[in-house]
Number of protein chains: 2
Amino acid sequence: MTEAKALTKNQTLVLGALSGANGPLSAYDILDRLRPEGLRSPLQIYRALAPLVEQGRVHRLESLNSFVACAHDHTHGHHSHSPVVFAICETCGQVTEFSDEKVAQQLRGWAKDVGFKTGKTTLELRGTCRTCLAA
Amino acid sequence: MTEAKALTKNQTLVLGALSGANGPLSAYDILDRLRPEGLRSPLQIYRALAPLVEQGRVHRLESLNSFVACAHDHTHGHHSHSPVVFAICETCGQVTEFSDEKVAQQLRGWAKDVGFKTGKTTLELRGTCRTCLAA
DNA sequence: TCTCTCTATGTCATGTTATTACATCTGACA
DNA sequence: TGTCAGATGTAATAACATGACATAGAGAGA
Ligand SMILES: [Zn+2]
Ligand SMILES: [Zn+2]
Ligand SMILES: [Zn+2]
Ligand SMILES: [Zn+2]
């Protein structure tokens, strides 16, 4: 099990801002929310984000250039290494995070066949969530 | 079959630049390559890219903020709507494009189960290609 | 305690990616 | 010829991200 590392002051602020949001935030959105706490520059946000993303407490959504707090429990270590799928509702902004072992397996199979060594996998679905479809 | 639409002058230039490149190019990379042809502003590039992406002749790589020419034949219409997977070598920049019906099926299944209507799917693998692993 | 060093932080400047607003050109066609 | 739609040109600006350098604070060891 990976040890849950203590967070620095700025990391705590940034993670708090993301956890308190009801959807993804850009680094500049986060900055705006943390100005009252004394943060002033984008770099402070990006610096705090880097280790949070590294540890899996925060995920970067490539198709939005923004960030979300991980939906899983991180007090006892980070979640599995099955690539994570993000379903992003373009109407309400909600992000649903899940992982799918079949998809992971299939992609591993392709990689093995062609000799590709996979690092990070980005898998994002843009669309409309059930709630917004009903409305 | 979708009719292959004629390209405008700028679209032709941009698609040519992407086809001639051996990897993904950012809009500004494309602009630099097309300055000799008289293009001067980023907007000219973005405007040409939009319909090319729309038609599937060019793909946008979200994890790189850049663009590649589609690897498939577009003279007789565009390729299947199975979501496309991009494997991006971080060493040599090569992008391999493929589609995987099992993955597509699995994601459709998830979407059906939770009532999510999927629009665009982004699926990108970052890693190292066979050739670069061997080197 | 003193100082060395490592990490985190603060700030300014800059680089990179993308869009808004507005003017002009071109060709189809009534 | 006059009108209109689509394509193009240009300037300005917004949005996202990093480089370079200075400072502050905590802990190790003399
Ligand atoms: Zn997560
Ligand atoms: Zn929704
Ligand atoms: Zn393609
Ligand atoms: Zn390679």
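These numbers come from a predicted model, not from an experiment.

Asker: How do you make sense of the protein's contact with DNA strand D when you look at a structure like this?
Answerer: Not every one of the 15 residues close to DNA strand D is listed here, only the nearest: Tyr28, Leu43 and Arg60 of chain A together with Gln44 and Arg47 of chain B. A breakdown of the atoms of DNA strand D within 4 Å of the protein gives sugar and phosphate a share of 44%. Separating a phosphate oxygen of DNA strand D from a side-chain N or O atom of Tyr46 of chain A is a distance of 2.8 Å. Lys9 of chain B places a main-chain nitrogen or oxygen 3.3 Å from a phosphate oxygen of DNA strand D. The set of elements that each furnish at least two residues to the surface near DNA strand D consists of helix 3 (42–54) of chain A together with helix 1 (9–20) and helix 3 (42–54) of chain B. Residues that form the surface near DNA strand D fall into these classes: five nonpolar, six polar and four charged.

Asker: Could you clarify how one ought to interpret the protein's contact with DNA strand C in this entry?
Answerer: Taken together, 15 residues form the shell around DNA strand C, and within it Gln44 and Arg47 of chain A together with Tyr28, Leu43 and Arg60 of chain B come nearest. In DNA strand C, atoms within 4 Å of the protein come from the sugar-phosphate backbone in 45% of cases. Between DNA strand C and the protein, one listed contact pairs a phosphate oxygen with a side-chain N or O atom of Asn10 of chain A at 3.1 Å. Interatomic distance of 2.3 Å between a side-chain N/O atom of Gln44 of chain A and a phosphate oxygen of DNA strand C. Counting only elements with at least two residues in the surface near DNA strand C, the list comes to helix 1 (9–20) and helix 3 of chain A together with helix 3 of chain B. The dominant element in the surface near DNA strand C, judged by the number of residues it contributes, is helix 3 of chain A, at three residues. A per-class count over the surface near DNA strand C returns five nonpolar, six polar and four charged.

Asker: Could you clarify how one ought to interpret the coordination of the zinc ion (ligand 4) in this entry?
Answerer: Note on metal geometry: ideal angles are 109.5 degrees for four donors arranged tetrahedrally and 90 or 180 degrees for six donors arranged octahedrally. Residues and elements named next belong to chain B. Only Cys89 (SG), Cys92 (SG), Cys129 (SG) and Cys132 (SG) from the protein coordinate the zinc ion (ligand 4), and they sit 2.2 to 2.4 Å from it. Taken together, the four donor atoms coordinating the zinc ion (ligand 4) and their angles of 104 to 113° define a geometry best described as tetrahedral. For Cys89, a relative accessible area of 2% translates into the label buried.

Asker: How do you make sense of the relation of the copies chain B and chain A when you look at a structure like this?
Answerer: Mapping chain B onto chain A is achieved by rotating through 180° and translating by 0.0 Å along the same axis, at an RMSD of 0.0 Å. Both copies of the chain, as the preceding transformation shows, are related through a two-fold rotation axis. By C-alpha distance to the rotation axis, the residue of chain B lying nearest is Leu123 of chain B, at 2.3 Å. Most of the interface of chain B is mirrored in chain A: 100% of its interface residues are interface residues there too.

Parameters at a glance
Residues numbered from 1 in each chain as written. Chains lettered and ligands numbered in written order. Predicted model: local features only at pLDDT ≥ 70, side-chain atom pairs only at ≥ 80, totals over all residues. Heavy atoms only, no water. Near = heavy atom within 4 Å. Polar contact = N/O pair within 3.5 Å; in protein donor to acceptor, adjacent residues only side chain to side chain. Helix = DSSP H or I, 4+ residues; strand = E, 2+ residues; numbered from the N terminus. Nonpolar A, V, L, I, M, F, W, Y, C, P; charged D, E, K, R; others polar. Donors = N, O, S within 2.8 Å, 3.2 Å for Na, K, Ca; no water. Tetrahedral: all angles 85-135°; square planar, octahedral: opposite > 155°, others 65-115°. Buried < 20%, exposed > 50% of the residue type's maximum accessible area, 1.4 Å probe, protein only. Least-squares fit on C-alpha atoms with pLDDT ≥ 70 in both. Contact = heavy atoms within 4.5 Å.

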